[in-house]
Amino acid sequence: MYLKDVETHESDGHYGRLIRKMREAGAPVPQIWHLFAFKPRMTEALSVFTQEVMRGPSPLSAGLRELIAAYTSRGNECLF
């Protein structure tokens, strides 16, 4: 992530706890989680939207949508 204030922000909310658990496990943290932890009220709609796009009804399976997202992220050099 390129916004250090966002990435280093400590949060006691849901995403803040997830970030800490991922770091403790030595796992990479999905960068979008930093944004969700930084402004949870402001990003709630984005979280709901993302969940609906990736898991809601669709002619594409959830697995295929994940594959498309991973391919796109890789092309953008974004950790997915």
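An account of the accompanying structure is given in this report. Every value quoted in this text rests on a predicted model; they were computed, and no experiment measured them. Within each chain, residue numbers correspond to sequence positions counted from 1 in written order. With pLDDT at 70 or above as the cut-off, local features in this predicted model cover only qualifying residues; side-chain atom pairs require 80 or more to be listed or tallied, and sums for whole chains, interfaces and linings still use all residues. Excluding hydrogens and water, the side-chain figures rest on all heavy atoms present in the structure.

Looking now at the packing of helix H3 (residues 31–38) against helix H4 (residues 40–55). Between H3 and H4, the least distance of the axes is 6 Å, while the angle of their chain directions is 135°. As far as their axial angle goes, H4 and H3 are oblique. Residues Ile32, Leu35, Phe36, Ala37 and Phe38 of H3 lie in contact with H4, whose contacting residues are Pro40, Thr43, Leu46 and Ser47. Counted by class, the contact of H3 with H4 contains seven nonpolar, two polar and no charged residues. For every element, the axis is a line fit to its C-alpha atoms; helices are fit only across the contacting stretch, and the angle between N-to-C directions ranges from 0 to 180 degrees. We count a stretch as a helix when DSSP gives it H or I for four or more residues in a row; a strand needs E for two or more, and each element gets its number in order from the N terminus. Note that the term roughly parallel is reserved for angles under 35 degrees, roughly antiparallel for angles over 145, roughly perpendicular for angles of 65 to 115, and oblique for everything else. It only takes one pair of heavy atoms within 4.5 Å for two residues to be counted as in contact. Amino acids outside the nonpolar list (Ala, Val, Leu, Ile, Met, Phe, Trp, Tyr, Cys, Pro) and the charged list (Asp, Glu, Lys, Arg) are all regarded as polar, and Gly is one of them.

Its location among the elements puts Thr43 in helix H4. The exposure class assigned to Thr43 is buried, which follows from its relative accessible area of 7%. Those residues in contact with Thr43 that sit more than four places away from it in its chain are Leu35 and Phe36. For each residue, the accessible area found with a 1.4 Å probe, counting protein chains only, is set against the maximum for its type, and the residue is called buried under 20%, exposed over 50%, and partly exposed in between.

Let's shift gears to the packing of helix H2 (residues 14–24) against H3. Between H2 and H3, the shortest axis-to-axis distance is 8 Å and the interhelical angle comes to 140°. Crossing of H2 over H3 shows left-handed handedness. Packed against H2, whose contacting residues are Tyr15, Gly16, Leu18, Ile19, Met22 and Arg23, the element H3 presents Trp33, His34, Phe36 and Ala37 at the interface. Considered class by class, the residues forming the contact of H2 with H3 number seven nonpolar, two polar and one charged. Crossing handedness is defined as follows: a turn of the near helix away from the far one that is anticlockwise and smaller than a right angle gives a left-handed crossing, while the clockwise case is right-handed.

Of all hydrophobic cores here, the largest spans six residues; its members are Tyr15, Ile19, Val29, Trp33, Phe36 and Ala37. Of all the secondary-structure elements, those providing two or more residues to this core are H2 and H3. The residues contacting Tyr15, other than those within four sequence positions of it, are Trp33, Phe36, Ala37 and Ser47. Among buried residues, those of type Ala, Val, Leu, Ile, Met, Phe, Trp, Tyr and Cys that are joined through side-chain atoms within 4.5 Å constitute a nonpolar core.

Working definition: rings of Phe, Tyr and Trp (its six-membered ring) pair if their centres are within 6.5 Å, and the pair is stacked with planes under 30 degrees apart, edge-to-face with planes over 60 apart, and tilted otherwise. If you walk through the whole model with that rule in mind, you get two aromatic pairs. In this structure an aromatic cluster arises from ring pairing among Tyr15, Trp33 and Phe36.

Turning to the environment of Cys78, a few remarks are in order. Relative to the helices and strands, Cys78 is located in the segment after helix H5 (62–75). Measuring from C-alpha to C-alpha, the distance between Cys78 and Gln31 comes to 8.4 Å, with 47 residues separating the pair along the chain.

Salt bridges, as used here, are contacts in which a Lys or Arg side-chain nitrogen is within 4 Å of a carboxyl oxygen on Asp or Glu. The full count for this structure, using the stated rule, is two salt bridges. Two residues, Lys4 and Glu7, come together in a salt bridge whose shortest N-O distance is 3.8 Å. With Lys4 and Glu7 both in helix H1 (residues 4–7), this residue pair falls three residues apart, about one helical turn. For Glu7, a relative accessible area of 18% gives the class buried. For Arg55, the salt bridge identified is with Glu66, shortest N-O distance 2.6 Å. You can see Arg55 sitting in helix H4 and its partner Glu66 sitting in helix H5, a full eleven residues away along the chain. Residue classification places Arg55 among the partly exposed positions, given a relative accessible area of 45%. For Glu66, a relative accessible area of 26% translates into the label partly exposed.

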